[in-house]
Amino acid sequence: MEERADVKSILPFLPLQLQLRPSSLSLALVWPEAAADSLRSLSLGPAVSGVHSGHQLFGFIVALRDTLGFSSQPPLSPHAADGFSLFFDQLMSREHAKVWFEENLPILGGILLKFPSLLESHYDKSDKMFGEGGNGLRILEKQHVRIVLLSQELIAALLTCSLLCLFPTDLRYSYHLRNINFDQLFAGLSFKPRPSQEHKVKCLVHYFQRICNQTPTGYVSFERKVLPLEPSCGNIYYPAPDIWKNSSVLLCSFKVFYSGLMEDEQDEVLEVDFANRYLGGGALKQGAVQEEIRFMISPELIAGMLFMPSMENNEAIEVIGSERFSYHKGYASTFKFAGDYRDEKLFDSMGRRSTRIVAIDALSRIGVAQYNVENILREANKAFCGFMDHSKFQHYLPRFQGNTETAGSSNLNLVEKKLKLEKINEESFAESRIGIATGNWGCGAFGGDPQIKSMIQWLAASQALRPFFHYYTFENPALQELEQVMLGMVEKRWTVGQLWQKLSEYSCEKLNGNKNLSFFKFVTPALRMLH
């Protein structure tokens, strides 16, 4: 175990340690003895642990962290204690609190006691699926194409660690990782609280209640996707501008939804997470917009925050198999937990639900600079990176071989193994029929132009050979003519190259001072022209 590259990579970020196993004279993952004793007491219920309230739970957390030697770690949020007390002692009904402390919390203690054995089983299974050595749970470093497959039961243990604030945090900043403990989440209940914060916590507590009632048995995969540098274009990532300009790929079919939610899609889709470059964004703070909401209703996504460093311009993160546990309503300050959700998605041969989510981060708050061709290229390549399917893009793999420092070619064998796994998925889910479901990516707080962002995503989905493109406008008034514009382009059989050319021409118009000209008004005359 101690020689595994994956274990060496992740161990500094876990609360476990390697200890000699006398029976085999090998090292095993274990809890420190004092921590194991505390968890055993928690698993035996409040009569033994003394944890009957939120106030006592936080005291238990502090003591448990001391058994892990966390005195030198950055402290928990100073308002976390108030948040735990407020939620479990005041906001939660006394009936539900009784069940939480007498039934749920002891089960979570038992899950944590199993954490070391769950992790060792994970590494054994990883070796069988991917080949021995190095592709189990680890930090998925930037510029390296890798995939990690985790059981839902292991994810439950990881998230319980988050709930009890058991992850060491001293190294996370230097590795471009955000905090994954829940102290800031609970602190947000008492310090400058927002109406949505209580409901975010309700979603997560509901998740824990569900897994206490029935242990989930599926799997979730997390993949870091990377575009290589274009060898002939210096520091430009593939695809280069000329590839977009000269593309003869027809724009794919589309459907515009003026109401509804992506997560309620009935078709097989790759659902876009309007991501922060740090996966999860403000999910564990006070954020409550698209990405954060998705992470609350499907908390297993949070597990990726443990080991996924922030994304670079040529990277995306794809997650397959996460289960949805909650209904919700509202957005931002009006977000609310709306009850239990039973996920009926089918499973593939790897035990993953057919829920596919891709995280891509848009450029943030760059104003008129978003119309520069260089920035349009950045957004198109970012979307393409997220939308592309390696099982259809094997001709890209040789390009990785020539760029070992920028595209992770040292992991080419892992990509090839991933392709074999995707071959399995094609049999189970008819991969060629999986389209894109997206919306106003980067158009809220990030300040993006929704007309431009919709076109960029459509051409990226088309170039990635996705069969269809579903766009959710969320009633944005700037997109009232979206369906009409897209229909005009499809009827005239526009290619990716033609749409790219119009975006380039529009860029010149905007940068030359035509501030009030929208893209739809700019392109409409070309759609009215006869063939």
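The structure presented is a predicted model; accordingly, all values stated were derived computationally and were not measured. (Residues numbered from 1 in each chain as written. Predicted model: local features only at pLDDT ≥ 70, side-chain atom pairs only at ≥ 80, totals over all residues. Heavy atoms only, no water.)

**Q** Would you mind going over the overall build of the protein chain with me for this structure?
**A** Counting secondary structure elements, the protein chain contains 20 helices and 12 strands. Split into buried and exposed, the 531 residues of the protein chain put 60% on the buried side. A separation threshold of at least 6 residues defines the contact pool for the protein chain, and within that pool the share at least 24 residues apart is 77%. Surface accessibility of the protein chain: about 21300 Å² in total, with carbon and sulfur atoms responsible for 52%. (Helix = DSSP H or I, 4+ residues; strand = E, 2+ residues; numbered from the N terminus. Buried < 20%, exposed > 50% of the residue type's maximum accessible area, 1.4 Å probe, protein only. Contact = heavy atoms within 4.5 Å. Areas by Shrake-Rupley, 256 points an atom, 1.4 Å probe, with all protein chains shown as cover.)

**Q** Got a minute to help me understand the UniProt feature "binding site: substrate" (unreviewed entry) in the protein chain in this structure?
**A** With numbering aligned to this structure, UniProt lists the feature "binding site: substrate" (unreviewed entry) at Asn276, Gln290 and Tyr331. When only the residues just named are considered, the largest pocket is lined by Asn276, Gln290 and Tyr331. Within the element layout of this structure, Asn276 appears in the loop between strand E6 (269–275) and helix H11 (290–297). When residues no more than four places from it in sequence are discounted, the contact partners of Asn276 are Arg178, Gly281, Glu291, Met311 and Asp361. Within the structure, the side chain of Asn276 is placed 2.8 Å from the backbone nitrogen of Tyr278, a separation counted as a polar contact. (UniProt positions renumbered as here; feature names shortened; annotations may be inferred. 1 Å grid on protein atoms, 1.4 Å probe; cavity = no way out; pocket = protein on both sides within 12 Å on 5 of 7 lines; lining within 4 Å. Polar contact = N/O pair within 3.5 Å; in protein donor to acceptor, adjacent residues only side chain to side chain.)

**Q** Would you mind showing me how to read the packing of aromatic side chains here?
**A** Counted under the stated rule, the structure contains 24 aromatic pairs. Aromatic pair Tyr506 and Phe519: ring centres 5.3 Å apart, planes at 80°, arrangement edge-to-face. Remark: Phe519 occurs in helix H20 (residues 519–528) and Tyr506 occurs in helix H19 (residues 496–511); sequence separation between them is 13 residues. Accessibility classification places Tyr506 together with Phe519 in one group, the buried group. (Phe/Tyr/Trp six-rings, centres within 6.5 Å; stacked < 30°, edge-to-face > 60°.)

**Q** I'm lost on helix H5 (residues 80–91) in this one. Help?
**A** Side chains of residues three or four places apart in an α-helix project in the same direction, reflecting 3.6 residues per turn. For H5, the full list of buried residues reads Ala80, Gly83, Phe84, Ser85, Phe87 and Phe88. Elements in contact with the buried residues of H5: helix H4 (54–67), helix H6 (94–130), helix H7 (152–163), helix H8 (183–187) and helix H9 (195–213).

**Q** Quick question: what am I supposed to make of empty space enclosed by the protein here?
**A** Empty pockets left among the atoms are what a rolling probe the size of a water molecule brings to light. This structure, assessed with the given rule, holds 5 cavities of 30 Å³ or more. In terms of lining residues, the largest cavity is bounded by Arg178, Asn179, Gln184, Gly281, Leu284, Lys285 and Met305. In terms of residue class, the lining of the largest cavity is built from 2 nonpolar, 3 polar and 2 charged. (Points joined across faces, edges and corners; volume = space filled by probe spheres on them. Nonpolar A, V, L, I, M, F, W, Y, C, P; charged D, E, K, R; others polar.)

**Q** Would you mind showing me how to read the side chain of Ser507 here?
**A** Tracing the backbone through its elements, the reader meets Ser507 in helix H19. Those residues within four positions of Ser507 in sequence are excluded, and the remaining contacts are Tyr371, Asn372, Val373 and Ile376.

**Q** Sorry if this is basic, but what is going on with the sheet that holds strand E4 (residues 219–226) here?
**A** Backbone hydrogen bonds hold the strands of a sheet together, and the pairing may be parallel or antiparallel. Within the open sheet, the 8 strands sit side by side as E3-E4-E7-E10-E6-E11-E12-E5. Their pairing is mixed. Each end of this open sheet is capped by a strand with a single partner; those strands are strand E3 (146–151) and strand E5 (253–257). When the angles between neighbouring strand axes are averaged without regard to direction, this sheet yields 20°. Two strands pair when backbone bridges link them, and E6 and strand E11 (residues 435–438) are joined in this way by 3 bridges, in the parallel orientation. (Pairing = 2+ DSSP bridges. Axes fitted to C-alpha atoms, helices over the stretch in contact; angles between N-to-C directions.)

**Q** What am I meant to see in the layout of surface pockets here?
**A** Size it by volume and the largest pocket reaches roughly 740 Å³. What lines the largest pocket is a set of 30 residues, and nearest its centre among them are Phe274, Val289, Gln290, Glu291 and Tyr331. Its residues assigned to classes, the lining of the largest pocket shows 12 nonpolar, 11 polar and 7 charged.

**Q** Would you mind going over the nonpolar core with me for this structure?
**A** Note on soluble globular proteins: their nonpolar side chains tend to be buried together. Of all hydrophobic cores here, the largest spans 92 residues; its most connected members are Trp31, Leu57, Phe88, Trp100, Phe115 and Phe307. Per-element accounting of this core gives the leading share, 11 residues, to H6. Ignoring sequence-local partners within four residues, the contact set of Leu57 consists of Val51, Phe84, Phe88, Trp100, Phe101, Leu105 and Leu164. Counting residues in each nonpolar core, the second largest holds 59 residues, with Val269, Trp441, Leu459 and Phe522 among its members. (Core = buried A, V, L, I, M, F, W, Y, C linked by side-chain atoms within 4.5 Å.)

**Q** Sorry if this is basic, but what is going on with the pattern of salt bridges here?
**A** Taken as a whole, this structure holds 25 salt bridges when the rule is applied. Two residues, Lys114 and Glu153, come together in a salt bridge whose shortest N-O distance is 2.6 Å. Here Lys114, found in helix H6, pairs with Glu153, found in helix H7; they are 39 residues apart in sequence, far enough to count as distant. With a closest N to O distance of 3.2 Å, Glu379 and Lys453 form a salt bridge. Taken together, the residues span a long stretch of sequence, with Glu379 in helix H13 (residues 373–387) and Lys453 in helix H17 (residues 450–463) at a distance of 74 residues. For Glu379, a relative accessible area of 2% puts it in the buried group. (Salt bridge = Lys/Arg side-chain N within 4 Å of Asp/Glu carboxyl O.)

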